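Below are the chains, spelled out letter by letter.
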Amino acid sequence: MSRALNSSVRAGLAVASIALAVAACGKKEEAQQSQAPGAAAAEEKILHVYNWSDYIAEDTIKNFEAQTGIKVTYDVFDSNDMLETRLLAGNSGFDVVVPSASFLERQIKAGVFQKLDKSQIPNLQHMDPDIQQRVALHDPNNEHSVTYLWGTTGIGYNVDKVKKILGDKPLDSWNQIFDPKEIARFKDCGVSVLDAPDEILKVVLQWMGRDPNSQKDEDLTAAAEKLQQIRPYIRKIHSSQYIDDLANGELCVSIGWSGDILQARDRAEEAGQGVKVAYSIPKEGTIVWFDMLAIPADAKHPKNAHAFINYLMEPQVAANNTNFVNYANANAASFGMVNDEVKNDPGVYPTPEVKAKLFPSLAYNEQATATMARLWQKFTTGQ
Amino acid sequence: MKQSSTFRLSVLVFGFAFLYIPILSLIVYSFNKSRLVTVWGGFSTQWYGRLLDNDQILDAAWLSLKIAAINATGAVILGTLAGLALARFGKFRGRTLLSGMTTAPLVMPEVITGLSLLMLFVVMEAMFGWPAGRGVTTVTIAHMTLTLAYVTVIVQSRLSTLDDSLEEAAMDLGARPSKIFFVITLPIIAPALISGWLLSFTISLDDLVIASFVSGPGSSTLPMVIFSKVRMGVSPDINALASIIVLLVTIGVITAGIFLARQEKRRQRDMQMAAAAK
């Protein structure tokens, strides 16, 4: 989930991150030295978890506490930027955190995480090798992290309104969003785009048939030009409002994250106003993202943290979480225990053909990040 | 004449509507049966029930209230000292620096205050080992830094409008400075202290940015929890909680208002009596 705050806060956090990275450099050695004696002593039965909000089944923590006697303090965040600021400040106090893979990739390089002791996580045997391989692009050899949940970036739409416009033609291609002539047809019923510049630029590049993870100036600029052409037809650029807006019928097409759109579908059903929402993964292929469980290098309770990660990878526990939040997990053994309607939903667990076309969203280098920010600024302001 | 009164009335109505309709709609929608905030699905009190089951929100609310109360008390004590120094101690060395430093948080963007405090805590931890990790203590300290500025300004302005002849008279009669402070000055500026306390309390309860920077495990304040939930769309149990807070705040403001009005009246009466006695 590369959810993001609005851009000014994001800019503030970016500055903070840089400043803190500088401050953190001096302390790294110290932290490593002090780690050894701590590990030898018995750990207090305490664990500090920092996860996305509404991203775990309601009873998971309670069950873990009952089973292990470890008292869990559970805090939540809602943007990778916030998590990153805390991690780079050092000594965040958290034992398990859940960054998205593209952020994790950068943070590993900054030395934020410790290597996992895989002997303490026997449930790793259940992991889906295909996902492990994909994640290894972010975290080489899966050394620092375990996939918690994963999802895709696709198109959510209001079934009836789109049918009125397209007839029997399905909404299943990026072309229907990024071609100015095509998107113009949806203008009056409302289109929204995620406020996640890297992801949008990457899917545009994929649609253009270029390397989606290209960091070349010319590619990014070309993608931004295409975006500029469809700007007049976009009503909103936001990363969360579309959930409720799709559910109450204010928007009819949104680029969004799979679980969020399925959440919109459920809410629309619950409201009973006759709005039907569906999710589609465009046939050109799209981004697959992962939210990763990782242990900060300066965690005070690494043993409990390993136990918690291991617990989350129990097939039944993983299945419960997936059933609750509508995001797929990477635990192959849990698949049989996932509810049928979730398991058979191609929006959650894509078919093998679709899966073959999914690509990861790799971290940008500094220069590409700056270019992206500049291009996105132009896009959002519409100038 | 008639026209101007209709005009005045409509301005008044418009002004009040602008201020209170958002709050009213928040309260009305807390009784909405539907989960979607913008769709009315019938009357229901289910979200209040749901709220009582939501430990995460209730814990955060309780934590926020605790932090706000401790913060307000600390800020009033420190702010009063600073305000007193600025208003009563004439031109001492470093006065400009003190007044500049205390009012700086008023004009500083919260992001900067938050970031600089975070860095301070990180550096202090590296150097002295205190504060060990960030949490409730650091959030409280950070809030105090911000709110003591407000208290200082309030107390200082109150003191400077105050006639210091009362204090001088007490001094003539041989009272020690500490006695003068507790018996004369403090009761007179009590209304300022109360409004300073309430203001600090509200600011702390309200703050998201600074708390986000300096909090640690187990110290997510209510605004932080609400903000992280808003991502998935506002859920109506937050409306329910907000309605309860509005109710409590209304009661608090009315009580404080009555108290302050009485104080003011008594002060006026005392002053008149004093004038008459001359």
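Because the structure is predicted, anything quoted here is derived from the model rather than measured. (Residues numbered from 1 in each chain as written. Chains lettered and ligands numbered in written order. Predicted model: local features only at pLDDT ≥ 70, side-chain atom pairs only at ≥ 80, totals over all residues.)

With that settled, consider the domain arrangement of chain A. Residue and element names in this part refer to chain A. Along its sequence, chain A is organised into domain 1 (7-151 + 290-351) and domain 2 (152-287 + 364-381). Taking only C-alpha atoms into account, the centre of domain 1 sits 28 Å from that of domain 2. Residue-level contacts link 7 residues of domain 1 with 8 residues of domain 2. Across the side of domain 1 that touches domain 2, the residue classes tally to 4 nonpolar, 3 polar and no charged. (Domains from an automatic or database assignment. Contact = placed C-beta atoms within 7 Å. Nonpolar A, V, L, I, M, F, W, Y, C, P; charged D, E, K, R; others polar.)

This brings us to unusual backbone geometry. Looking along the chain, the bond that leaves B:Trp130 and enters B:Pro131 is cis, with omega of -5 degrees. Its place among the elements puts B:Pro131 in the loop between helix 5 (110-128) and helix 6 (136-161). Look at A:Asp54: it is not a glycine, yet its phi comes out positive at around 50 degrees. Turning to its location among the elements, A:Asp54 is positioned in the loop between strand 1 (46-52) and helix 3 (60-68). (Helix = DSSP H or I, 4+ residues; strand = E, 2+ residues; numbered from the N terminus.)

Turning to the confidence of the model for chain B, a few remarks are in order. Mean pLDDT for chain B: 87, with 97% of residues reaching 70 or above. Among the prediction metrics, the complex's ipTM stands at 0.74, with pTM recorded as 0.80. (pLDDT = per-residue confidence, 0-100.)

Let us look at the interface of chain A and chain B. With 31 residues of chain A at the contact, the number on the chain B side is 28 residues. Listing elements by their share of the side of chain A that touches chain B, those giving two or more residues are helix 1 (7-25), strand 2 (71-77), helix 4 (80-89), helix 12 (241-247) and helix 13 (258-271) of chain A.

Residue and element names in this part refer to chain B. Under the UniProt annotation, "transmembrane region" (unreviewed entry) lies at residues 12-31, 67-90, 111-130, 136-159, 180-199 and 238-261. Between the C-alpha atoms that bound residues 12-31 there is a distance of 28 Å. The span itself is 95% helix and 0% strand. Secondary structure over residues 67-90 splits into 92% helix and 0% strand, and the C-alpha atoms at its two ends are 34 Å apart. (UniProt positions renumbered as here; feature names shortened; annotations may be inferred.)

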